[in-house]
Amino acid sequence: VGTANISVTKAGMISTRVAMKVNERVVDGTIVVEAETGTCNGAAVGDDNDKCHIKTSSGGNTYLLDWEQGATVVIKFNAAKAGTYTMGWQARNTSYSSSATPIDVATNMSCKMNNNAVTLSGEISGYTFKVFEVGEVTLKDGENTIEITNVSGAPHLDLLKFIPKA
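A quick note: this is a predicted structure, and the numbers were derived from the prediction, not measured.

Asker: Let's hear about the environment of glutamate 147: which residues, and what values?
Answerer: By the element assignment, glutamate 147 lies in strand 15 (residues 142-150). Relative accessible area serves as the criterion here: at 22%, glutamate 147 is assigned to the partly exposed category. Between the C-alpha atoms of glutamate 147 and cysteine 40, which are 107 residues apart in sequence, the distance is 9.5 Å. Beyond its immediate sequence surroundings of up to four residues, glutamate 147 is in contact with Thr72, Val73, Val74, Ser110, Cys111, Lys112 and Asn115.

Asker: Give me the lowdown on the pattern of salt bridges, citing residues and values where you can.
Answerer: Across all of its chains, the model carries two salt bridges by this definition. A salt bridge links lysine 51 to glutamate 68; the shortest N-O distance between them is 2.9 Å. Separated by 17 residues along the polypeptide, lysine 51 in the loop between strand 5 (43-44) and strand 6 (53-56) and glutamate 68 in the loop between strand 7 (62-65) and strand 8 (72-79) bring together distant segments of the chain. Its relative accessible area of 36% is what places glutamate 68 among the partly exposed residues. In this structure, lysine 165 engages glutamate 136 in a salt bridge whose closest nitrogen and oxygen atoms are separated by 3.1 Å. In this pair, lysine 165 is assigned in the segment after strand 16 (156-164) and glutamate 136 in strand 14 (residues 130-139), connecting sequence segments 29 residues apart.

Conventions used here
- Residues numbered from 1 in each chain as written.
- Predicted model: local features only at pLDDT ≥ 70, side-chain atom pairs only at ≥ 80, totals over all residues.
- Heavy atoms only, no water.
- Helix = DSSP H or I, 4+ residues; strand = E, 2+ residues; numbered from the N terminus.
- Buried < 20%, exposed > 50% of the residue type's maximum accessible area, 1.4 Å probe, protein only.
- Contact = heavy atoms within 4.5 Å.
- Salt bridge = Lys/Arg side-chain N within 4 Å of Asp/Glu carboxyl O.

Below, the structure written as structure tokens:
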């Protein structure tokens, strides 16, 4: 992720330089699930749910924010292939300060995949959405259910990524 610069020089010709933006590598079989598609404490996520709210940014991105301590978001999604996946959360810190204390997901959150506890790790920092790897999960072929609970301070959560392990 970043910028790649390519320069081409040949005697007798004009030199050329091209800068390309390099995005995150997409692995075949990656599953992307929007966080706001789930339920929160049994009701649809949204402004009329007093436990979990969603926001749409000026750029049109909708994400989960301001979920109450103790609230659990449940999201159902399908996997075409059973296996072990790296789970990433596209998230950002809730503070508007770039120097805010990072959110420790192992302390502040709990997670279950298909009723099995998931060991979370890592921190969510910064106020720009990016993907943070937070754990490893086993998915089954077909429908899977993830439960994410705000134990003591949840990030703003945009989407979940499940990347197959090689």
